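One-letter residues, chain by chain:
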Amino acid sequence: MDTLNPCIVKMEYSVRGPLVIRATEIQKQLKEGKQFPFKEVIRCNIGDCHAMEQQYITFIRQVVACCTYPPLMETAGFPADVVARAKKLLGGCGGGSLGAYSDSSGVEVIRKDIASYITRRDGGVKANSDNIMLSTGASDGIKSILKLLRQGDGQTKTGIMIPIPQYPLYSATIAEYDMQQSEGKQPDFMYAWELLEEYGLCVVPGSGFGQKAGTYHFRMTILPPPAKMQDFLKRLKEFHCKFMEKYQ
């Protein structure tokens, strides 16, 4: 650890921090037969829809399948709109292959579709596909922009103003690029930790997002399927009442 970049060592990303690591450990222990006051961990820390058993969108899966293995367009009996979309996307790839390198800003045919959507969304104000940059997700996009803006040292070091509460990706990236100091653990971390250990619900402490001094909150993304929602709400209510009674 002594030889690592100190900015990386101090970097924290709350939605994937120690609580999530502990949640994964508990899931493994449950499979191994270890007893907990609950039978499964319900993850509410991040919007991972498929991990919470939500049904995927068939059209997208079929288009990806056709792009990955084009012979499926002739043999799998996929709908005509699926085949048309796959052919359009492959037509924008070098050699008609999904494995070809794209432009640094992303596949042109996709950027043009995005520009058309933005134009419709904004009531006819034309969007230029040359001004659109694709990324592999919000995280990479935000990191690229912050990295682009960073410059200077000491009193001239770049400062970043972000909204509070904020998504912890911002604070994690700012710490990575040495633009501020990370803060220590807060009482809401204790709340979230006990909620996980005692009731198997994984949420994110609000301190990872920023909050008004003297106040505490937690963040959760509610994605359990309807069949598990009652159990989720029951666990959360029982823990919260117990916690407030204990510490008030």
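Keep in mind that what you see is a predicted model, and the values were worked out from it rather than measured.

Trainee: Lay out the overall build of the chain in plain terms, naming residues and giving numbers.
Mentor: What the chain contains, in helices and strands, is 10 helices and four strands. Going from N to C terminus, the chain has its helices and strands arranged as α-α-β-α-α-α-α-α-α-α-β-β-β-α. Counting the 248 residues in the chain, one finds 33% classified as buried. Contacts in the chain between residues far apart in sequence, at least 24 positions, make up 59% of those at least 6 positions apart. Counting every atom, the chain has about 16,100 Å² of accessible surface; 56% of that belongs to carbon and sulfur.

Trainee: Tell me about the packing of aromatic side chains, residues and numbers included.
Mentor: Per the stated rule, a full pass over the model turns up seven aromatic pairs. Ring centres of F189 and W193 lie 5.9 Å apart, and the angle between their planes is 25°; on these two criteria the pair is classed as stacked. In this pair, F189 and W193 both sit in helix α9 (residues 187-199), four residues apart, roughly one turn of the helix. Among the residues examined, F189 registers a relative accessible area of 18% and is labelled buried. Overall, W193 belongs to the partly exposed group, its relative accessible area being 29%. Relative to F243, the ring of Y191 has its centre 4.7 Å away and its plane inclined at 70°; by these criteria the two rings are edge-to-face. Taken as a pair, Y191 in helix α9 and F243 in helix α10 (residues 226-247) lie far apart in primary sequence, 52 residues in all. Take Y191: its relative accessible area is 7%, and that puts it in the buried class. Judged by its relative accessible area of 11%, F243 is buried.

Trainee: Before we move on, could you go through the environment of L134 and cite the residues and values that matter?
Mentor: Structurally, the position occupied by L134 is in the loop between α6 (108-121) and α7 (138-149). Sequence-wise, L134 and I114 are 20 residues apart; in three dimensions their C-alpha atoms are separated by 9.8 Å. The residues touching L134, leaving out its near neighbours within four places in the chain, are S105, G106, V107, I110, R111 and I114.

Trainee: I'd love a proper account of the packing of helix α3 (residues 58-68) against helix α5 (residues 80-91), names of residues and values included.
Mentor: The N-to-C vectors of α3 and α5 enclose an angle of 50°; their axes lie 9 Å apart at closest approach. When the axes of α3 and α5 are compared, the pair comes out oblique. Note on packing geometry: the crossing formed by α3 with α5 is right-handed. Facing α3, whose interface residues are F59, Q62, V63, C66 and C67, α5 presents D81, V82, R85, A86, L89 and L90. Split by residue class, the contact of α3 with α5 holds eight nonpolar, one polar and two charged.

Trainee: Lay out the pattern of salt bridges in plain terms, naming residues and giving numbers.
Mentor: Considering all chains together, one arrives at 10 salt bridges under this definition. Across the pair K112 and E108 runs a salt bridge, and its minimum N-O distance is 3.6 Å. In this pair, K112 and E108 both sit in helix α6, four residues apart, roughly one turn of the helix. Exposure remark for K112: the relative accessible area of 44% places this residue in the partly exposed category. Here E198 and K242 are joined by a salt bridge, their closest N and O atoms 3.1 Å apart. Placement of the pair is E198 in helix α9 and K242 in helix α10, with a sequence separation of 44 residues. When its relative accessible area of 26% is taken as the criterion, E198 is described as partly exposed. The class for K242 is partly exposed, based on a relative accessible area of 44%. Through salt bridges that share partners, R22, E25 and E197 make up one connected network.

Conventions used here
- Residues numbered from 1 in each chain as written.
- Predicted model: local features only at pLDDT ≥ 70, side-chain atom pairs only at ≥ 80, totals over all residues.
- Heavy atoms only, no water.
- Helix = DSSP H or I, 4+ residues; strand = E, 2+ residues; numbered from the N terminus.
- Buried < 20%, exposed > 50% of the residue type's maximum accessible area, 1.4 Å probe, protein only.
- Contact = heavy atoms within 4.5 Å.
- Areas by Shrake-Rupley, 256 points an atom, 1.4 Å probe, with all protein chains shown as cover.
- Phe/Tyr/Trp six-rings, centres within 6.5 Å; stacked < 30°, edge-to-face > 60°.
- Axes fitted to C-alpha atoms, helices over the stretch in contact; angles between N-to-C directions.
- Parallel < 35°, antiparallel > 145°, perpendicular 65-115°, else oblique.
- Left-handed = near helix turned anticlockwise from the far one by under 90°.
- Nonpolar A, V, L, I, M, F, W, Y, C, P; charged D, E, K, R; others polar.
- Salt bridge = Lys/Arg side-chain N within 4 Å of Asp/Glu carboxyl O.

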